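Observations on the model geometry
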Amino acid sequence: MKTLTVALPGRAYDIRIERGLLEKAGEAVREACPKAKRLFVVTDSNVLPLYLGRVADSLKKAGFQVICHSFAAGEKAKCAENLVALWEKMMAAGLTRTDGVVALGGGVVGDLAGFAAATILRGVDYIQIPTTLLAQVDSSVGGKVAIDLQAGKNLAGAFWQPKLVLMDPDTLDTLTDATFSGGMAEVIKYGCIWDKNFFDFLAARPSRAQIMADIEHVLYTCCDVKRQVVEEDERDTGKRMLLNFGHTVGHAFELAGHYTEWSHGEAVAAGMCVAARLGVALGVTDTAVPQDILNVAASLGLPTHIDCGWETMVQAVGLDKKRTGDDITMILLERIGKAKPVKMKKDVLLEHLNAIYGR
Ligand code: GLY
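Residues numbered from 1 in each chain as written. Predicted model: local features only at pLDDT ≥ 70, side-chain atom pairs only at ≥ 80, totals over all residues. Heavy atoms only, no water.

**Digging into the nonpolar core**
Leu133, Ile188 and Ile293 are the most contacted members of the largest nonpolar core, which totals 55 residues. Discounting chain neighbours no more than four positions away, the residues touching Ile188 are Phe199, Leu202, Met272, Val296, Ala297, Leu300 and Leu302. (Core = buried A, V, L, I, M, F, W, Y, C linked by side-chain atoms within 4.5 Å. Buried < 20%, exposed > 50% of the residue type's maximum accessible area, 1.4 Å probe, protein only. Contact = heavy atoms within 4.5 Å.)

Structure below.
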């Protein structure tokens, strides 16, 4: 078992990583939420038949009254309508401020349930039990919770830290290869922005089976980077922006594929390849970096090039949240393991992207 503590003042919480942890969820939640009587468990139609029974049984054994709510799986679930439905059901179930919410599932479940927890009764405790690789290494840690609006993804949200994060690596066994690879894009990202040794470790394990053989180390390393970043910059005004490496261009790919053709991870993988070439073009990035990233991404089944059309690229750059007026902050690498924010004019970015990516 591995444990990390996210040491935010007054809101410290543990991340626990252990095979078989779902069965022990009750004891762990009891420790983190000693006053809670009821737990409102949110999950989706994919996860419900796989893991809800085990988690609910464990929570009940620990003395909690458990209320479950499930919605149809998919990004579309992260909408205002489902949020309101959750609020109403939480109130109908008699949830009080000392009770808790449990998010059991991937990033969509965590974001929606977390935002409901952040807002119901002006905020109740919640526990993340992420069951996808992407949620385990990224979205379940750090307290960003949100729903999507018609104007874009994650536009209504909050920073609301969980009380506890429980990761059972065994839950990754039921992911499709494509979903597993999507999560690997974020794993590779941590190597790129923070830890050259970890990048080399991934490069030496070019298959899902090899990664799974060391999955506790992989999860721990990624969450440890995220922990350090969040402790220094919870509100995403400085260091946390480094986690955006590959995301600006990645968002263009997601947009072009109407959020269905390319998963977030696939788009980020191709986005990291473009960002690396952009860094070389700007003289910021070591020239060997693009090929190194491409090799690792390709070996783990991720796309390294996506054609999104120039209009979509321009639109996505205009929508980027790391934009202020005409300026945009791109996250570039100096070398593998060392990222830095580079502020530039949007037009200059587009000129360079046009040169390396083409119309
Ligand atoms: N997923 C990026 C962040 O948590 O800041």
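That covers the picture; the talk isn't over yet.
**Considerations on helix α12 (residues 289–299)**
Residues of α12 that are buried include every one of Val289, Pro290, Ile293, Val296 and Ala297, and no others. All buried residues of α12 project into a common sector of 140° when viewed along the axis, lining one side. Buried residues in α12 make contact with α6 (177–194), α7 (196–203), α11 (264–281) and β11 (327–335). The first or second residue beyond α12 is Gly301, which carries a positive phi of 80°. (Helix = DSSP H or I, 4+ residues; strand = E, 2+ residues; numbered from the N terminus. Arc of directions from axis to C-beta.)

**Describing the environment of Met212**
Position of Met212 among the secondary structure elements: in helix α8 (residues 208–213). Residues Met212 and Leu172 lie 40 residues apart in sequence; the distance between their C-alpha atoms is 8.7 Å. With near-sequence residues (within four places) excluded, Met212 lies in contact with Arg19, Pro169, Leu172, Asp173 and Phe180.

**Observations regarding the site of the ligand**
Around the ligand, the surrounding shell consists of Asp138, Lys144, Lys226, Arg240 and Leu243. Here Arg240 contributes a side-chain N or O atom positioned 2.7 Å from an oxygen atom of the ligand. Its free accessible area being 200 Å², the ligand has 82% of it covered by the protein chains. Partitioning the shell around the ligand into residue classes produces one nonpolar, no polar and four charged. (Near = heavy atom within 4 Å. Polar contact = N/O pair within 3.5 Å; in protein donor to acceptor, adjacent residues only side chain to side chain. Areas by Shrake-Rupley, 256 points an atom, 1.4 Å probe, with all protein chains shown as cover. Nonpolar A, V, L, I, M, F, W, Y, C, P; charged D, E, K, R; others polar.)

**A closer look at the packing of α7 against α12**
Across the interface, α7 lies against α12 with an axial gap of 9 Å and an inter-helix angle of 45°. Relative to α12, the element α7 is oriented oblique. Crossing geometry of α7 relative to α12 is assigned as left-handed. Contacts between α7 and α12 involve Phe199, Leu202 and Ala203 from the former and Asp292, Ile293 and Val296 from the latter. Among the residues making up the contact of α7 with α12, the classes are represented as five nonpolar, no polar and one charged. (Axes fitted to C-alpha atoms, helices over the stretch in contact; angles between N-to-C directions. Parallel < 35°, antiparallel > 145°, perpendicular 65-115°, else oblique. Left-handed = near helix turned anticlockwise from the far one by under 90°.)

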